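The lines below spell out each chain.
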Protein chains: 4
Amino acid sequence: MSDTKRTEAFSDGVLAIAITLLVLDLSVPSRNDLHGSLARALAREWPAYGSYVTSFLIIGIIWVNHHAVFELIGRIDRIALFLNLLLLMTVVTIPYTTHLLATYLTAGSGARTAAVVYSAVMLAMSCSFAGLYAYIAHRPELLAEGVDPVAVRASIVRFSAVGTALYLATVVVAIFSAPLCLLAHFAIALYYCFSQIRSGPSAADARQNRQEP
Amino acid sequence: MSDTKRTEAFSDGVLAIAITLLVLDLSVPSRNDLHGSLARALAREWPAYGSYVTSFLIIGIIWVNHHAVFELIGRIDRIALFLNLLLLMTVVTIPYTTHLLATYLTAGSGARTAAVVYSAVMLAMSCSFAGLYAYIAHRPELLAEGVDPVAVRASIVRFSAVGTALYLATVVVAIFSAPLCLLAHFAIALYYCFSQIRSGPSAADARQNRQEP
Amino acid sequence: MSDTKRTEAFSDGVLAIAITLLVLDLSVPSRNDLHGSLARALAREWPAYGSYVTSFLIIGIIWVNHHAVFELIGRIDRIALFLNLLLLMTVVTIPYTTHLLATYLTAGSGARTAAVVYSAVMLAMSCSFAGLYAYIAHRPELLAEGVDPVAVRASIVRFSAVGTALYLATVVVAIFSAPLCLLAHFAIALYYCFSQIRSGPSAADARQNRQEP
Amino acid sequence: MSDTKRTEAFSDGVLAIAITLLVLDLSVPSRNDLHGSLARALAREWPAYGSYVTSFLIIGIIWVNHHAVFELIGRIDRIALFLNLLLLMTVVTIPYTTHLLATYLTAGSGARTAAVVYSAVMLAMSCSFAGLYAYIAHRPELLAEGVDPVAVRASIVRFSAVGTALYLATVVVAIFSAPLCLLAHFAIALYYCFSQIRSGPSAADARQNRQEP
């Protein structure tokens, strides 16, 4: 297995574990502390469910995009390896910030702090991703055979700057309202699922160039 | 690695982690709160053991069926990717609903609520699975070479509608009795293990068609 | 990927997760409840360390043996798949029984119960393994090309009955003394690491037959 | 899949899970026990963040180095398998020692004990790694084709003794100051990320020899 394939497999493993660990953020109401019906207690857990679904979609999208980037890579060097490790570190933090947001979403004062932290980690993830992508894009020797370096470079804005701008916006939203911030993250996730990704991101274009040079 | 193979590997990872995280639902009785013998305390944990074994079998069967479906797929598109992500989201939720059912199975009022939630997540899983299967079945261009589209389409009822109907029935059972509902899930799991799967689901037929066209 | 390879990959994933989840059995002493020095509090945790190391070795050995068996398999059927799932279920339970043993090893009355449960799960694991091996051994059509069915069948006793007998003995030891039982498990693990496995189990013999027919 | 590839895949799985489980060391402040603002409560968690980032980098580096060593290996025997299992056991312990260090870093008396334990496990990891490397280096029959046994043996000091010496030094630092010890670990991790690894470790040299014999 080449270094690239092995890095991709390791990253896939970390992403698969991080996305699955999100379930640990859903806590079963304690049987002894249950006041009223279980149905009502579960209904009160809506911030946990909303955060869970949102973070699940986000990590799922990171996986899809991570894969798209590695399709372009033919060779990996130490810097790229380190940038990828940084990206993974931010993704692995998501189950924690998801738990934080779920716990404080309906708290008075802490809600905005939690939302800012949640958004900041997403922003850091987006920046790491952009950094990895920009680094690769500027080193044609790392690209896979047949991948057009010009197309890859041209796609930096579309592929990474948009995400960074969106997540920066969520940090601002978080300062005003935590629930609105969660909604914004959910909307961004849906947007990525249906719109940008489907209409063909630049990565896919570059891949196509490779397949039909 | 093709998109299909990588999606399958990622899904396998998530399924393997979800099935293993079930062990976290088994809690060791606190040494300080132990009234009476440990053997008796462990015996009182039977709802946890029953839920654990049942959910383990169910996720195991999902893995087998997921594999059978991906045997039919030659190419994956964004919608299928998203439907697969939805399916994984429901499966990842199972350790949580298992814990919920185990905690409340012997509670007076909460038991039925917990059983309804457990069954509802299984129903959602079954629907996602049916959705993914139906989507693939109606797009011959996504099928692997030699797979007979007519056989695949003909098998939708057998392969996905039956499961959905069975899990819908467990929701109804849950309204009457939580322990009976767990028993029903266990029975369905055994049925899938021995009967339907062994006698050759349509997916296997279609695969056979592919191998001997 | 063939069914056999994919089953092996899934099993590897489950084994890797189960072995890693053992770390969750090591608990950090609460800072508020700390009476005396941290060093002393950690020293009191020796049952947890001992159980951790022992279970880690055991799951590691299961992985090695599981691999050896799958080397012999060329094709897998539903029964073998189900027997393999049973084996995985017992392995996934090990982090729980390890935690149970660690918690109660120094308790007065609960210690033997915990040791019996720990040993019983190991016995169940050993029986599942023996069942899987015996099933494969008696179906020459499932063996890989060049594997000698007679050699495989002849090795059932060496490869599976010995383990089952050893773990049955630990159940008996558990009734008398929990620490002695843990020591017995540790000794068995070391024995498997150095003696039986190194001197060439029958599975390796059969593999050799395959490579040099 | 050969034994070597499968051992590498299993090790990758364990490393990926261990690195991801680090997130469980980050605990969300309890909403009921929150005195003052959430921001302040989170700021007080800096030992957890520092330990998390440091351990994440360390496990990431272990992964890179583990990969470099397995590049050199063509065949694996039982002793190497067992040494690798020992190495994995120390790595799997890291999420626990990370949690321990994070909990006690700002405690009066326990801090140094926690730092010694953290450093001792890193030292044990480094020794296992050195042991595995030295074992392989002295058995030319285990090396991959084209790998120069002399170059591999010559690199033992650079590749494993340096790390062992560095981690031994952290044990000494731990006796004086826990925060300084964490800083030392972070500095070592950065050093490995940027300096030693980039300037080409001996393993890479030996690999080059293999590719251009």
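Values in this document were obtained by computation on a predicted structure and should not be read as measured data. (Residues numbered from 1 in each chain as written. Chains lettered and ligands numbered in written order. Predicted model: local features only at pLDDT ≥ 70, side-chain atom pairs only at ≥ 80, totals over all residues. Heavy atoms only, no water.)

**Things to note about the interface of chain B and chain C**
- Tallying the contact residues gives 37 residues for chain B and 32 residues for chain C.
- Carbon and sulfur atoms make up 74% of the area that chain B and chain C hide from each other, which totals about 3200 Å².
- Sorting the residues of chain B by area buried against chain C places B:V28, B:R31 and B:W63 first, and these three jointly supply 21% of that buried surface.
- One can count two salt bridges joining chain B with chain C.
- For C:R6, the salt bridge identified is with B:E8, shortest N-O distance 2.9 Å.
- At the boundary of chain B and chain C, one finds nine residue pairs in polar contact (both at pLDDT 80 or more).
- Of all the secondary structure elements, the ones that give two or more residues to the side of chain B that touches chain C are helix 1 (3-21), helix 2 (38-43), helix 3 (46-72) and helix 8 (178-196) of chain B. (Contact = heavy atoms within 4.5 Å. Buried area = accessible area lost by both parts, 1.4 Å probe. Salt bridge = Lys/Arg side-chain N within 4 Å of Asp/Glu carboxyl O. Polar contact = N/O pair within 3.5 Å; in protein donor to acceptor, adjacent residues only side chain to side chain. Helix = DSSP H or I, 4+ residues; strand = E, 2+ residues; numbered from the N terminus.)

**Points about a nonpolar patch on the surface**
- A contiguous nonpolar surface patch, about 270 Å² in accessible area, is contributed by A:L24, B:L24, C:L24 and D:L24.
- Of note, C:L24 is situated in the loop between helix 1 (3-21) and helix 2 (38-43).
- Take C:L24: its relative accessible area is 34%, and that puts it in the partly exposed class. (Patch = residues over 30% accessible without salt bridge, like charges linked within 9 Å, V, L, I, M, F, W, Y side chains within 5 Å. Areas by Shrake-Rupley, 256 points an atom, 1.4 Å probe, with all protein chains shown as cover. Buried < 20%, exposed > 50% of the residue type's maximum accessible area, 1.4 Å probe, protein only.)

**Examining the packing of aromatic side chains**
- Throughout the structure, instances matching the rule amount to 16 aromatic pairs over all chains.
- Ring geometry for C:W63 and D:F10: centres 4.3 Å apart, planes at 20°, overall stacked. Taken together, the positions of C:W63 in helix 3 (residues 46-72) and D:F10 in helix 1 (residues 3-21) put the pair across two chains. This pair shows no difference in class: C:W63 is buried, exactly as D:F10 is. (Phe/Tyr/Trp six-rings, centres within 6.5 Å; stacked < 30°, edge-to-face > 60°.)

**Notes on the state of the cysteines**
- A complete count under the given rule lists zero disulfides over all chains for this structure.
- Summary of cysteine pairing: A:C193 is not part of a disulfide, and the nearest cysteine sulfur, belonging to A:C181, is at 18 Å.
- Judged by relative accessible area, which is 10%, A:C193 ranks as buried.
- A disulfide-free cysteine, C:C127 has its sulfur positioned 16 Å from the sulfur of C:C181, the nearest such atom.
- For C:C127, a relative accessible area of 41% corresponds to the partly exposed category. (Disulfide = S-S within 2.5 Å.)

**Here we look at the relation of the copies chain A and chain B**
- The two copies are related by a screw motion: chain A maps onto chain B through a turn of 90° and a shift of 0.0 Å along the axis, at an RMSD of 0.0 Å. As the rotation angle and translation indicate, the two copies are arranged about a four-fold axis.
- The overlap is low: 8% of the interface residues of chain A also sit at the interface in chain B, so different surfaces are used on the two sides. (Least-squares fit on C-alpha atoms with pLDDT ≥ 70 in both.)

**Remarks on the side chain of C:T170**
All names here are of chain C.
- Within the secondary structure layout, T170 lies in helix 7 (residues 156-176).
- Residue T170 is classed as buried on the basis of its relative accessible area of 2%.
- Contact partners of T170, with chain neighbours within four places excluded, come to S119, C181, A184, H185 and I188.

**What about the interface of chain A and chain B?**
- Every contact between the two is made by 37 residues of chain A and, on the other side, 32 residues of chain B.
- Both sides of the chain A and chain B interface together cover about 3100 Å² of buried area, and 74% of this is carbon and sulfur.
- A per-residue breakdown of the area chain A buries against chain B is headed by A:V28, A:R31 and A:W63, which together make up 21% of the total.
- Remark: the boundary between chain A and chain B carries two salt bridges.

**Comments concerning the packing of helix 1 of chain B against helix 1 of chain C**
- Helix 1 of chain C packs onto helix 1 of chain B with a crossing angle of 45° between their chain directions and a minimal axis gap of 9 Å. Viewed along their axes, helix 1 of chain B and helix 1 of chain C adopt a mutual orientation that is oblique. The interaxial crossing formed by helix 1 of chain B with helix 1 of chain C has right-handed handedness. From helix 1 of chain B, B:E8, B:D12, B:L15, B:A16, B:I17, B:I19, B:T20 and B:L21 reach across to helix 1 of chain C, where they touch C:R6, C:F10, C:G13, C:V14, C:I17, C:A18 and C:L21. (Axes fitted to C-alpha atoms, helices over the stretch in contact; angles between N-to-C directions. Parallel < 35°, antiparallel > 145°, perpendicular 65-115°, else oblique. Left-handed = near helix turned anticlockwise from the far one by under 90°.)

**Here we look at the arrangement of the chains**
- Where chain A comes nearest to chain C, the C-alpha atoms are still 9 Å apart, and the two do not contact one another.
- Separated in space, chain B and chain D share no contact, their closest pair of C-alpha atoms being 9 Å apart.

**Re the relation of the copies chain B and chain C**
- Superposition record for chain B on chain C: RMSD 0.0 Å, screw rotation 90°, translation along axis 0.0 Å.
- An asymmetric contact is evident, with only 8% of the interface residues of chain B recurring at the interface of chain C.

**Observations regarding the pattern of salt bridges**
- In total, this model carries twelve salt bridges over all chains according to the counting rule given.
- Measuring nitrogen to oxygen at the nearest pair gives 3.6 Å for the salt bridge that ties A:K5 to A:E8. Taken as a pair, A:K5 and A:E8 lie in helix 1 (residues 3-21) at a separation of three residues, close to a single helical turn.
- Given the relative accessible area of 34%, A:K5 is considered partly exposed.
- Judged by its relative accessible area of 4%, A:E8 falls in the buried class.
- The closest approach of N and O atoms between A:D12 and B:R6, which form a salt bridge, is 2.3 Å. Here B:R6 lies in helix 1 and A:D12 lies in helix 1, a pairing that spans two chains.
- When its relative accessible area of 8% is taken as the criterion, A:D12 is described as buried.

**Thoughts on the environment of A:V172**
All names here are of chain A.
- If you trace the backbone, V172 turns up in helix 7 (residues 156-176).
- Note on V172: relative accessible area 45%, which makes it partly exposed.
- Taking the C-alpha atoms as reference, V172 lies 17 Å from T97; in sequence the two are 75 residues apart.

**Overview of the environment of C:H185**
Residues and elements named next belong to chain C.
- Along the chain, H185 turns up in helix 8 (residues 178-196).
- Linking H185 and Y167, residues 18 residues apart in sequence, is a C-alpha distance of 8.0 Å.
- Residues in contact with H185, not counting those within four places in the same chain, are T54, I58, Y118, S119, M122, Y167 and T170.

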